[in-house]
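# Structure at a glance
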Amino acid sequence: MALGKYSRVDGRRSSSSYWSTVTIVVFVALCLVGVWMMTSSSSVAPVKNVEEPAQEKKNDVKDHVAESNESSTQQQFEDNNADLPEDATKGDSGSQNEKNAENRENGEKSEEKSDEETKSDDGSNTQNDDSKTDDGDSKKEDDGSNSESGEGNSGENSNESEKKSYSDENGNKSDSDDGEKKSDSDESETKSEESSGETKDGEKADSQIEEKVDQNDNKDLEKSSDGKKEDGQSKNQGSNEVFPSGAQLELLNETTTQKGSWSTQAMESKNEKEAQLSSKQQSGYNWKLCNVTAGSDFIPCLDNLKAIKSLRSTKHYEHRERHCPEEPPACLVPLPEGYKRPIEWPTSREKIWYYNVPHTKLAQLKGHQNWVKVSGEYLTFPGGGTQFKHGALHYIDFIQESVPDVAWGKRSRVILDVGCGVASFGGFLFDRDVLTMSFAPKDEHEAQVQFALERGIPAISAVMGTTRLPFPGRVFDAIHCARCRVPWHIEGGKLLLELNRVLRPGGFFIWSATPVYQKLPEDMEIWNAMSKLTKAMCWELVSVKKDTVNGVGVATYRKPTTNECYEQRSQQEPPMCPQTDDPNAAWSVPLQACMHKVPVEPLERGSQWPEQWPARLDKTPYWLLSSQVGVYGKPAPEDFTSDYEHWKRVVSKSYLNGMGINWSSVRNVMDMRAVYGGFAAALKDLNIWVMNVISVNSPDTLPIIYERGLFGIYHDWCQSFSTYPRSYDLLHADHLFSKIKTNCNLAAVVAEVDRILRPEGKLIVRDSIEIITELESMVKSMQWEVRMTYSKDKEGLLCVQKSMWRPKELETLKYAIA
């Protein structure tokens, strides 16, 4: 063992030999009496079973006497595991098992520690011939002295001295290891003292025993806490995953309040609750399968058939808008029969599993236009569309040739695709470093948005009806509409004015519809109406060209960057919006046929074009002022920078390497509480896209996300999200659940998470330990796999994987039954 320990033993050779001799005699006498009593009490057992243990104990005593005579420095009350009854050694054995488990995890066994563990496992006294004192004398040590070589008259000071010396000689041992060894030895020592009664040393021995009891009361609690922590670590790493220590510390750095460590009682209670919940989880959360007409494609807020039937009119596509039930469903959506793990990107852009989206109507209607085709067990996407039958990339490059200022992937980074179909336009814009938010109404063409999401292309189910789109004003660099049959010119141009609201000043509206290049009377009428409307809106017609390869024409308009044109109009139609009208207000706000003025103040958002991509990603927006207070309490620019640096550390140290996530299989990602979009920004080098969600009850930071060249959406998590089931590979929730728990039904939110997450998809939650514990119990009741849990200072991290399990019992939602 460590030389420091034996140095301390040698230092005690000045102890009185008289008292040592007395102590040894008393100790041996008591041991012999104990052996005799144990042998007598076991007389009812067979003779063979009694004699062998008795003889073994006698041999142990003889060895201990020889050892004591050989060295008078042994402690007065030193214990040997073989000399103690079985119940007195259980604590040491348990602690040793815990240490063995920890050593197996950390891979830090030393040769000397292996010898000690062998002794503990065998329960016998073996000699450690390799251990020597400073003067070269060989010493014999039993298991009871592996951590401490006795305390004698040195008391606690010697104990602390030994701990320090041991730590110095074994730099690879942690403080917790030393603490456990010290506690184990103290515990054995105290039990020996209690069993041996009073010594002849009178007051000194009594005071030492009393002091030891007090110390061990505290150390036993520490030992219990350490044991619980080790159990938790073993559990966390049950899937052979590593959580770097740097990332563990990062869990604390992100929070604004730090309240110190848990008490031992809290840790004990937590583990007990988890143990109880694990056996009662099914009775605690009785999940049922949603029985609805939409089946495996159920979107609660878009399939509220009761509300849709009660609509007075569907003229403005009211039946395709959100109509959420009063109580969000807490049932689970069924899987399509034959569902398989989705094909990975980029192969998924060309083909997907048929049984994952078993719909053929769109292939029948649009097969000749290269939207989608059925090919055996696959649905294939030739890369075309109504307006680009010969490939989307050619169409994309044709737009750039027509209007070089579009500058895909540099000036134009975030695009809105209206009436996207199967979103091939957005899918191929990834090759030009462009991020596209695609949307179309549910079931207008069967499962078009579902096809897009299954392919790994961003899309939501939405419609331009009676309310504003769920985006802030002046955020999209360009808006695209290919053969979208949207009546832009009717009702005072209300729908086109909504696009004007979300289009950045100086941004482009790219329109490739039949009125642009066909001369049919209906097309000519629409073209004339659009020309009049766009001129009144002060949009500049930059280009009108026809693509001879695809046989379509493209008209490109540009929004003004000043208010000069608005002020010079002879007629105020469309009218300007009142100054009280906030262009960023977008959640369930009715559409209005008016225009907002262009910002012109130097520090007003929208007065300048953002930096080109990718420089805009990590650049603090020019309109974030130091006088503004950020979400986390710092000045806004500093808050923004700190958030980005934080997520870069978390992603690099923890998420990419420490979670056991195969990121090559991850494509569709949602940050359920995005704040500044730092999480998405930190993932920019991966082949993924992130839907950044800003809760309607949170600070409105969504414009900042768009300014950095990312995209997102407003949402109320007390309602369902406007997407198909099984849309996302990974969901990320940073302190979301604790913020919405008071307003939302947490079970319904978890059911919604299950709905939009793909089987085998991952959920990462960072939240308070109470929320983590509750969520862990809920997802376990759905038979999800807990990949990792970690907690410190009342903050926790949970990573789970969704399973294919579905409940058998049904819950009929009457409002969703046709």
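Residues numbered from 1 in each chain as written. Predicted model: local features only at pLDDT ≥ 70, side-chain atom pairs only at ≥ 80, totals over all residues. Heavy atoms only, no water.

### Observations regarding the overall build of the chain
Across its full length, the chain carries 26 helices and 19 strands. Considering only residue pairs separated by 6 or more positions, the chain has 72% of its internal contacts joining residues 24 or more positions apart. Per element, the accessible surface of the chain, about 35500 Å² overall, is 49% carbon and sulfur. (Helix = DSSP H or I, 4+ residues; strand = E, 2+ residues; numbered from the N terminus. Contact = heavy atoms within 4.5 Å. Areas by Shrake-Rupley, 256 points an atom, 1.4 Å probe, with all protein chains shown as cover.)

### Some points on the sheet that holds strand 2 (residues 351–353)
One open sheet holds the 3 strands; their spatial order is 2-4-3, and the pairing between them is antiparallel. Taken across any chain shown, the strands that pair with only one partner, and hence form the sheet edges, are strand 2 and strand 3 (373–375). Averaged over all neighbouring strand pairs, the angle between strand axes comes to 30 degrees, with direction disregarded. Alignment of strand 2 against strand 4 (residues 378–380), held across 3 bridges, turns out to be antiparallel. Counted as the bridge partner of lysine 351 is threonine 380 from strand 4. (Pairing = 2+ DSSP bridges. Axes fitted to C-alpha atoms, helices over the stretch in contact; angles between N-to-C directions.)

### Let's talk about the state of the cysteines
In a disulfide, the sulfur atoms of two cysteines are covalently bonded to one another. Within this structure, the stated rule accounts for 6 disulfides. Two residues share a disulfide in this structure: cysteine 538 and cysteine 565, whose sulfurs sit 2.1 Å from each other. Between cysteine 538 and cysteine 565, the S-S torsion sits near -85 degrees, and that sign places the bridge as left-handed. Linking cysteine 538 in the loop between helix 18 (521–536) and strand 10 (540–547) with cysteine 565 in helix 19 (residues 564–568), this pair joins segments that are 27 residues apart in sequence. Classification of cysteine 538 as buried rests on a relative accessible area of 8%. The cystine pairing of the chain, numbering bonded cysteines in sequence order, is 1-4, 2-3, 5-6, 7-8, 9-10, 11-12. (Disulfide = S-S within 2.5 Å. Buried < 20%, exposed > 50% of the residue type's maximum accessible area, 1.4 Å probe, protein only.)

### A word on the packing of aromatic side chains
Across all of its chains, the model carries 22 aromatic pairs by this definition. When the ring of tyrosine 632 is compared with that of tyrosine 676, the centres are 6.4 Å apart and the planes differ by 65 degrees; the resulting orientation is edge-to-face. Taken as a pair, tyrosine 632 in the loop between helix 20 (615–618) and helix 21 (636–655) and tyrosine 676 in the loop between strand 12 (668–671) and helix 22 (678–682) lie far apart in primary sequence, 44 residues in all. Here tryptophan 647 and tyrosine 655 contribute two aromatic rings whose centre-to-centre distance is 6.5 Å and whose plane-to-plane angle is 45 degrees, an arrangement assigned as tilted. Using a relative accessible area of 0% as the deciding quantity, one classes tyrosine 655 as buried. When the ring centre of phenylalanine 428 is taken as reference, the NZ or CZ atom of arginine 349 above it lies at 4.1 Å. A cation over an aromatic ring shows up here: arginine 708 above the ring of tyrosine 644, its NZ or CZ 4.9 Å from the ring centre. (Phe/Tyr/Trp six-rings, centres within 6.5 Å; stacked < 30°, edge-to-face > 60°. Lys NZ or Arg CZ within 6 Å of the ring centre and 35° of its normal.)

### Some details on the pairing of strand 17 (residues 785–792)
As paired strands, strand 17 and strand 18 (residues 795–801) are joined by 7 bridges and run antiparallel to one another. Bridge pairing in strand 18 places serine 791 opposite glycine 796. A loop of 2 residues connects strand 17 with strand 18, the two strands running antiparallel in sequence, and aspartate 793 in this loop sits at a positive phi of about 50 degrees.

### Some words on the confidence of the model for the chain
Averaged over all residues, the pLDDT of the chain equals 77, while 66% of them reach at least 70. Counted against residues more than four places away or in other chains, residues 1–16, with its pLDDT under 50, gives 50 contacts. Counting contacts from residues 252–262, a segment whose pLDDT is below 50, to residues more than four positions away or on other chains yields 19 contacts. (pLDDT = per-residue confidence, 0-100.)

### A short note on the pairing of strand 9 (residues 503–512)
Across the 10 residues that make up strand 9, a large majority, 10, are buried. Following the chain from strand 8 (residues 476–482) across helix 16 (residues 494–502) to the adjacent parallel strand 9, one finds a crossover that is right-handed. Judged from the 4 bridges that link them, strand 9 and strand 11 (residues 552–558) form a sheet pairing that is antiparallel. Across the sheet, the residue bridging to phenylalanine 509 is tyrosine 557, located in strand 11. (Right-handed = clockwise from strand over helix to strand, strands pointing away.)

### Notes on helix 15 (residues 448–455)
Helix 15 sits mainly inside the fold: 8 of its 8 residues count as buried. Those residues of helix 15 not exposed but buried are Gln448, Val449, Gln450, Phe451, Ala452, Leu453, Glu454 and Arg455. Two residues or fewer past helix 15, glycine 456 is found with a positive phi of approximately 95 degrees.

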